[in-house]
Amino acid sequence: LHHEELVEYFDLDFASLTASEAVNMLQVNQGFIDQIELEKYKYTSLETINILRSFGNNDKIIAKLDIGSLDHFGVRTILKKTGDKYIGKIDSKKIKATDWLEILKSKPGLLEHCNLVLFEKGDRYFLVKLVQMFPQLSHMIRENKDKISAIGWEELLIHNPERYSEMCRYELLSKKNWENIIKRQPLLKTTMQKYVIF
């Protein structure tokens with residue numbers, strides 16, 4: 001619309017809007033949320049995510065969405081957009097370790113809501129990525145050191161050799177791992193010579 005301010009002069013039947021028309025009207029003017037019963041519509045997870053992306057800063061609109069039924073990607077989207085504002089209304093059990101890594105990149109303050117147990121299951125590579133972001137969690141590396149792969153140790157030694165050298169399981173590292181490590185941390189060459197025969 002070229003003159004969206006004129007919409008209010010038309011006699012619109014807000015009750016008869018389709019689900020997509022309701023969203024279109026909100027894009028014209030978010031103030032229409034007072035006349036639109038957004039909660040009566042059933043939106044797919046993708047549609048809800050798109051609404052969140054467009055109106056994530058509008059409390060009235062978010063309050064009328066069924067955010068409790070969002071899938072893990074939807075939950076990730078709303079947390080990235082709004083922080084902990086709606087943490088009590090979403091199902092945080094749906095969030096995967098990979099989702100948390102994405103969320104915490106932009107909202108590090110949400111670490112207090114993060115289920116750290118997720119990072120001690122399955123591939124510990126995600127734990128490595130988490131600890132690189134939050135060094136205060138380095139105790140989790142020690143506690144899970146037998147489950148960390150060669151690529152995980154490679155990343156940790158490159159990231160902070162002083163912290164992780166003494167707990168590293170060097171026997172897992174291949175020549176290729178060492179080549180990558182030495183490129184970034186040449187001072188570890190002496191350590192490498194103890195474990196690798198070229």
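Remember, it's a predicted structure, so these values are computed and weren't measured experimentally.

Got a minute to help me understand the packing of helix 5 (residues 97-106) against helix 6 (residues 125-133) in this structure?
Two packed helices can be described by the angle between their axes and the distance between those axes. Their axes nearest at 10 Å, the elements helix 5 and helix 6 cross at an angle of 15°. In this view, helix 5 runs roughly parallel relative to helix 6, as classed from their interaxial angle. As for how helix 5 packs across helix 6, the hand of that crossing is left-handed. Contacts from A97, T98, L101, L104 and K105 in helix 5 reach F126, K129, L130 and M133 in helix 6.

Even after reading the chapter, I still don't get helix 8 (residues 150-159), so can you show me in this structure?
An α-helical turn contains 3.6 residues, so a residue and the one three or four places further along point in the same direction. Taking burial as the measure, the 10 residues of helix 8 include 8 buried ones, the bulk of the element. Burial in helix 8 covers these residues: A150, G152, W153, E154, E155, L156, L157 and I158. Buried residues along helix 8 sit in contact with helix 6, helix 7 (139-143), helix 9 (161-164) and helix 10 (175-184).

How should the layout of surface pockets be read in this particular structure?
Each pocket or cavity is described by its volume, and for the largest pocket that value is around 190 Å³. For the largest pocket, the lining is made up of 13 residues, of which Y41, K42, Y43, D66 and S69 are closest to its centre. Of the residues that constitute the lining of the largest pocket, the class distribution is 5 nonpolar, 4 polar and 4 charged.

Just to check I follow, could you spell out the packing of helix 1 (residues 19-28) against helix 2 (residues 45-55) for this structure?
For the pair helix 1 and helix 2, interaxial distance at closest approach is 11 Å and the crossing angle is 10°. By the angle between their axes, helix 1 is roughly parallel relative to helix 2. Taken together, the residues of helix 2 that come into contact with helix 1 (itself represented by V23, L26 and Q27) are I51, S54 and F55. Per-class residue counts for the contact of helix 1 with helix 2 are 4 nonpolar, 2 polar and no charged.

I keep staring at the environment of S92 and nothing clicks. Help me out?
Within the fold, S92 resides in the loop between helix 4 (72-82) and helix 5. Sequence separation between S92 and S16 is 76 residues; the distance between their C-alpha atoms is 34 Å.

What am I meant to see in the side chain of N160 here?
If you trace the backbone, N160 turns up in the loop between helix 8 and helix 9. Classification of N160 as buried rests on a relative accessible area of 19%.

Even after reading the chapter, I still don't get the packing of aromatic side chains, so can you show me in this structure?
The description of two aromatic rings rests on the distance between their centres and on the angle between their planes. Scanning the model with the defined rule gives 3 aromatic pairs in all. On the numbers, 5.4 Å between centres and 45° between planes, the contact of F14 with F32 is tilted. Taken as a pair, F14 in the segment before helix 1 and F32 in the loop between helix 1 and helix 2 lie far apart in primary sequence, 18 residues in all. For F32, a relative accessible area of 7% translates into the label buried. Aromatic side chains Y41 and Y43 sit 6.1 Å apart centroid to centroid with 55° between the ring planes, which places their arrangement in the tilted category. Looking at Y41, the relative accessible area reads 13%, which means it is buried.

Basis of the calculations
- Residues numbered from 1 in each chain as written.
- Predicted model: local features only at pLDDT ≥ 70, side-chain atom pairs only at ≥ 80, totals over all residues.
- Heavy atoms only, no water.
- Axes fitted to C-alpha atoms, helices over the stretch in contact; angles between N-to-C directions.
- Helix = DSSP H or I, 4+ residues; strand = E, 2+ residues; numbered from the N terminus.
- Parallel < 35°, antiparallel > 145°, perpendicular 65-115°, else oblique.
- Left-handed = near helix turned anticlockwise from the far one by under 90°.
- Contact = heavy atoms within 4.5 Å.
- Buried < 20%, exposed > 50% of the residue type's maximum accessible area, 1.4 Å probe, protein only.
- 1 Å grid on protein atoms, 1.4 Å probe; cavity = no way out; pocket = protein on both sides within 12 Å on 5 of 7 lines; lining within 4 Å.
- Points joined across faces, edges and corners; volume = space filled by probe spheres on them.
- Nonpolar A, V, L, I, M, F, W, Y, C, P; charged D, E, K, R; others polar.
- Phe/Tyr/Trp six-rings, centres within 6.5 Å; stacked < 30°, edge-to-face > 60°.

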